Amino acid sequence: MVERAIPSPVIDAESAPFYAAAREGRFLIRRSTATGLFHWYPRALCPFSLTPTEWVEASGAGEIYSYSVMRRADPPYAIAYVRLAEGPVMLTNIVESDFDALAVGQTVELVFVPTAGEGVPVPCFRVVGP
């Protein structure tokens, strides 16, 4: 199966620690220092409590919440909302998986995929269970 080239992300001061950790193979998400709630997309203020957040290493485990296969694209690819084990739901790509066998509730694991151009690794997921 041919994998689609993912464009390089724009890295700014707020996202730089995330991509630095990704280069080391670590997956960071943000957590409110006041409430302990995790959230995705990483940002300095918690979207629930508007309190400061901190970077925390996440497990990389999750399950498919919803997905769509772009079959008309060349090559075809799959995007999905994945619910992380820590709670947040993130929009991502499903890679290294049989798109015809995808299902809501399947267990997935994090895999970093190098992007086109600069090769900055971005978080994607692959199916590991039913």
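Residues numbered from 1 in each chain as written. Predicted model: local features only at pLDDT ≥ 70, side-chain atom pairs only at ≥ 80, totals over all residues. Heavy atoms only, no water.

All right, on to the packing of aromatic side chains then. Using the criterion set out here, one finds 6 aromatic pairs in the structure. Note on Trp40 and Tyr41: the rings are 5.7 Å apart at their centroids and 70° apart in plane angle, and the pair reads as edge-to-face. Given the relative accessible area of 17%, Trp40 is considered buried. Residue Tyr41 is classed as partly exposed on the basis of its relative accessible area of 44%. Connected via pairs of aromatic rings, a cluster forms that spans Phe18, Tyr19, Phe27, Trp40, Tyr41 and Trp55. For the cation-ring pair, Arg4 lies above Tyr77, with the distance from its terminal atom to the ring centre recorded as 3.8 Å. (Phe/Tyr/Trp six-rings, centres within 6.5 Å; stacked < 30°, edge-to-face > 60°. Buried < 20%, exposed > 50% of the residue type's maximum accessible area, 1.4 Å probe, protein only. Lys NZ or Arg CZ within 6 Å of the ring centre and 35° of its normal.)

On the secondary structure map, Ser97 appears in the loop between β6 (89-94) and β7 (107-114). Here Ser97 falls in the buried class, since its relative accessible area comes to 7%. A polar side-chain atom of Ser97 sits 2.8 Å from the main-chain carbonyl oxygen of Val95. Only 3.0 Å separates the side chain of Ser97 from the backbone nitrogen of Val127, close enough to count as a polar contact. (Helix = DSSP H or I, 4+ residues; strand = E, 2+ residues; numbered from the N terminus. Polar contact = N/O pair within 3.5 Å; in protein donor to acceptor, adjacent residues only side chain to side chain.)

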